[in-house]
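# Descriptive analysis of the structure
What follows is each chain in one-letter form.
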Amino acid sequence: MTRRESTSRLPTHRPGPGASTGGAGRRRHQRPDRRLRLALFSGIALVVGALAVSLVVSRLQPPGATDATALQVHTSMGGFEPAALAVKAGQEVRIELANMDTQFHADGGGWHEFAVDELGVDWKVGPEESRVFTLTAPAAGTYTWYCGICCGGRDNPSMRGTLTVTA
Ligand SMILES: [Cu+2]
């Protein structure tokens, strides 16, 4: 490949081929090839690097909402967002639980949970997974949901949320 490039360039770039300047001329003509190759390699490296960066950035971005009509709750090692929901008794509640964490969390493997013991609710979402769950809102009152998978489980105040049901 290198030789083909240099020989194809030689006839066009050699103005007066003398016996003594032939070697020097060839050496001079190899330099643009090297520069071309360097430019090519840096171009490829740039493209690969940009792809890698965009891949990392896209991995860092949370999973988007797949169901706009559902209440959106994000969960991560940092807790729930929002950590409070208000619904009406008897209402058919749809909650999209989006897990912001990757599988690389040693604590629970990136899994999170939305559990309400009184309601028999125990929803689990895998790393970077987004799932829609439904429940019929119970009688008016205040219910606590929690994640028992990570960070001390339900005893960790940041892994809890409050579901307020009004009449
Ligand atoms: Cu959790």
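## Quick notes on the side chain of D101
Note on placement: D101 falls in the loop between β4 (92-99) and β5 (112-116). The contacts of D101, once residues within four sequence positions are left out, are T75, S76, M77, G110, H112, P127 and E128.

## Focus: the coordination of the copper ion
Protein coordination at the copper ion comes from H112 (ND1), C147 (SG) and C150 (SG), with a distance range of 2.0 to 2.3 Å. Each donor residue of the copper ion belongs to the same chain, and together they define the spacing H-x34-C-x2-C. Overall, the relative accessible area of 0% leaves C147 in the buried class.

## What to know about the confidence of the model for the chain
Detailed reading of the predicted coordinates is not advisable wherever pLDDT falls low. Mean pLDDT over the chain works out to 81, with 71% of the residues at or above the 70 mark. Every residue in residues 1-12 scores below 50 in pLDDT, and together they form 8 contacts with partners more than four places removed in sequence or on other chains. Of the regions scoring below 50 in pLDDT, residues 14-25 engages in 3 contacts with residues more than four places distant in sequence or in other chains.

## Description of the nonpolar core
Membership of the largest hydrophobic core comes to 22 residues, with the highest contact counts inside it found for F80, I95, L97, F114, W123, W145 and L163. Listed by contribution, the elements that provide at least two residues to this core are β3 (84-88), β4, β5, β6 (121-125), β7 (130-136), β8 (141-146) and β9 (160-166). Once residues within four sequence positions are removed from consideration, F114 is found in contact with F80, I95, L97, V121, D122, W123, W145 and Y146.

## Some words on the environment of T166
Within the element layout of this structure, T166 appears in strand β9. Separated by 27 residues in sequence, T166 and A139 have C-alpha atoms that sit 7.8 Å apart. Once residues within four sequence positions are removed from consideration, T166 is found in contact with V87, K88, A89 and A140.

## Observations regarding the sheet that holds strand β2 (residues 79-81)
Strand order in this open sheet of 4 strands is β2-β1-β4-β7, and the pairing throughout is mixed. The open sheet terminates on both sides in strands that have one partner only, identified here as β2 and β7. On average, each strand axis in the sheet is inclined to that of its neighbour by 30°, with strand direction left out of account.

## Quick word on the pattern of salt bridges
Taken as a whole and judged by the stated rule, the model has 3 salt bridges. Here D122 makes a salt bridge to K124, at a shortest N to O gap of 3.1 Å. Overall, D122 belongs to the partly exposed group, its relative accessible area being 42%. Here K124 falls in the partly exposed class, since its relative accessible area comes to 35%.

What counts as what
Residues numbered from 1 in each chain as written. Predicted model: local features only at pLDDT ≥ 70, side-chain atom pairs only at ≥ 80, totals over all residues. Heavy atoms only, no water. Helix = DSSP H or I, 4+ residues; strand = E, 2+ residues; numbered from the N terminus. Contact = heavy atoms within 4.5 Å. Donors = N, O, S within 2.8 Å, 3.2 Å for Na, K, Ca; no water. Buried < 20%, exposed > 50% of the residue type's maximum accessible area, 1.4 Å probe, protein only. pLDDT = per-residue confidence, 0-100. Core = buried A, V, L, I, M, F, W, Y, C linked by side-chain atoms within 4.5 Å. Pairing = 2+ DSSP bridges. Axes fitted to C-alpha atoms, helices over the stretch in contact; angles between N-to-C directions. Salt bridge = Lys/Arg side-chain N within 4 Å of Asp/Glu carboxyl O.

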